[in-house]
Amino acid sequence: MEILGAKNFIRNTRRSRCGQKRHPGDAEESFCLPRIVALNAHAFSYGLFYASVGVIVLPEEALKMFPEQHAVYLAIMLGIAGVSQLVSPFAGYLSDHSTNPMGRRMPFVLAGNGVLFCMVGCLYLARSMGWGNVYLLLLLVAILALNVAYTGFTGLVSDMIPADQMSVCSGIMGGCTAMGAVLGLICIGFLIPVEHAYFLYALTLATCTPLTWYAASETRHECDSSEINWRKVRSSYYISPSSHGDFFWVFISRMFYYMAVSVQIYILYYLRDVMTEQVVVDNAKSCTAILCIVSQGASGLVSLVAGTLADRTGRKPAIYTAVTVMALVYIGYCFVDTYSMVILLGVCYGAGNGIYISVDYALAVECLPSQVLMEPHEVSRS
């Protein structure tokens, strides 16, 4: 699994699907740097969870609960995470039409993180009792909640951050995501056993969610109708070149990106089964953490400047460079069997991924149809 760095902004002269202008101040008010960082606290907790749960926790839990078929059940866990993504357009639609006094987005962030907090405790109980099938069901609920919260978060950033600060916010979002990932990998890879990872996730949620809520300061959104239009819900799961223009191709490229990224869940098994150094084989968990930390560190450093540089060079050249580097790294992994070469390739991958996560979403925003405001339930398809 990989972290997602995302934001969405359309100029404030456009109208929303509900027929209302953006909140007065949403696209006008400038944010100070500390407030942008606080708003992106959710990205930190998201990165910490997704990066470590994918490459360390789930492989170890699959090995513990399904020792005879751990690779198969790890694939099932990945499939569960993939299927859960389908909730995002529906959650985004509900968010767009919400008239909650707390705002359109924060209720979904709070509800998603609240359910995830509870599921983290239940997952710990299931793994402790050896309830493998129950663990799979709880994992589905947990990732559904994670995606609902993240859908609300992307819409929140879209609503709150003005256009002239989007590049800065994009870089900070990528940096926060990467820093969360690195912290999670350090803690779970070296400092605490896997079973204590669930306590780390709970603590991070309890710390970061209030920061995002405080920085957002959302207000009630007036919408023409809060009733669910199922035709629009169905349409939110459909995309084509005729209806979305160039955004369709951005969507396709993002889909292939996640297909490629999904194989990273097997990194631990790759190091254990392919490396020739016995010390790596015997310490596959720690070596996986080191590899991911180095890669995420490179990703975070690059993402802090990639968004601003892409404003000068153009977004598409940056994306082309990023995906070419990452593709070459994957090819390289097929031909190496020493850990030093794996680390070197990991640095290259992290640099490429840092460019991608800080630039790709901004490119998607630029490709959205210009006649309407593309709401987060539509953007979330990618």
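Each remark here, short or long, concerns the structure printed above.
Keep in mind it's a predicted model, so treat the numbers as computed, not measured.

The rules we used
- Residues numbered from 1 in each chain as written.
- Predicted model: local features only at pLDDT ≥ 70, side-chain atom pairs only at ≥ 80, totals over all residues.
- Heavy atoms only, no water.
- Helix = DSSP H or I, 4+ residues; strand = E, 2+ residues; numbered from the N terminus.
- Expected span 1.5 Å × (residues − 1).
- Buried < 20%, exposed > 50% of the residue type's maximum accessible area, 1.4 Å probe, protein only.
- Salt bridge = Lys/Arg side-chain N within 4 Å of Asp/Glu carboxyl O.
- Phe/Tyr/Trp six-rings, centres within 6.5 Å; stacked < 30°, edge-to-face > 60°.
- Arc of directions from axis to C-beta.

Turning our eyes to something else, we now look at helix α11 (residues 247–261). Its 15 residues give α11 an end-to-end C-alpha distance of 21 Å, which sits within 8% of 21 Å, the value for a rise of 1.5 Å per residue. Restricting attention to buried positions, one finds in α11 the residues Phe247, Phe248, Val250, Phe251, Ile252, Arg254, Tyr257 and Val261.

If you walk through the whole model with that rule in mind, you get two salt bridges. In this structure, glutamate 61 engages arginine 127 in a salt bridge whose closest nitrogen and oxygen atoms are separated by 2.8 Å. Taken as a pair, glutamate 61 in helix α2 (residues 41–65) and arginine 127 in helix α5 (residues 106–129) lie far apart in primary sequence, 66 residues in all. For arginine 127, a relative accessible area of 9% corresponds to the buried category. Arginine 272 serves as the salt-bridge partner of aspartate 273, at 2.9 Å between the closest nitrogen and oxygen. On the accessibility criterion, aspartate 273 (52% relative accessible area) is exposed.

With that out of the way, let us pick up the packing of aromatic side chains. Summed over the entire model, instances satisfying the criterion amount to 15 aromatic pairs. For the ring pair phenylalanine 49 and tyrosine 50, a centre distance of 6.3 Å and an interplane angle of 75 degrees mean the geometry is edge-to-face. Tyrosine 50 matches phenylalanine 49 in its accessibility class, with the two residues each being buried. Seen from their ring centres, tyrosine 150 and phenylalanine 153 are 5.9 Å apart, and the 45 degrees between their planes marks the pair as tilted. Here the residue tyrosine 150 and the residue phenylalanine 153 both occupy positions in helix α6 (residues 132–160), the gap between them amounting to three residues, near one helical turn.

With that out of the way, let us pick up helix α15 (residues 315–333). Under the 1.5 Å per step criterion, the end-to-end length of α15 is 28 Å for 19 residues, consistent within 8% with the ideal 27 Å. Among the residues making up α15, those that are buried are Arg315, Ala318, Ile319, Ala322, Met326, Val329, Gly332 and Tyr333. End-on view of α15: buried residues confined to an arc of 160 degrees, all on one side of the axis.

On to the environment of aspartate 96, then. Position of aspartate 96 relative to the elements: it lies in helix α4 (residues 87–96). On the basis of relative accessibility, which here comes to 0%, the residue aspartate 96 falls in the buried class. Sequence separation between aspartate 96 and glycine 155 is 59 residues, and the spatial gap between their C-alpha atoms is 8.5 Å.

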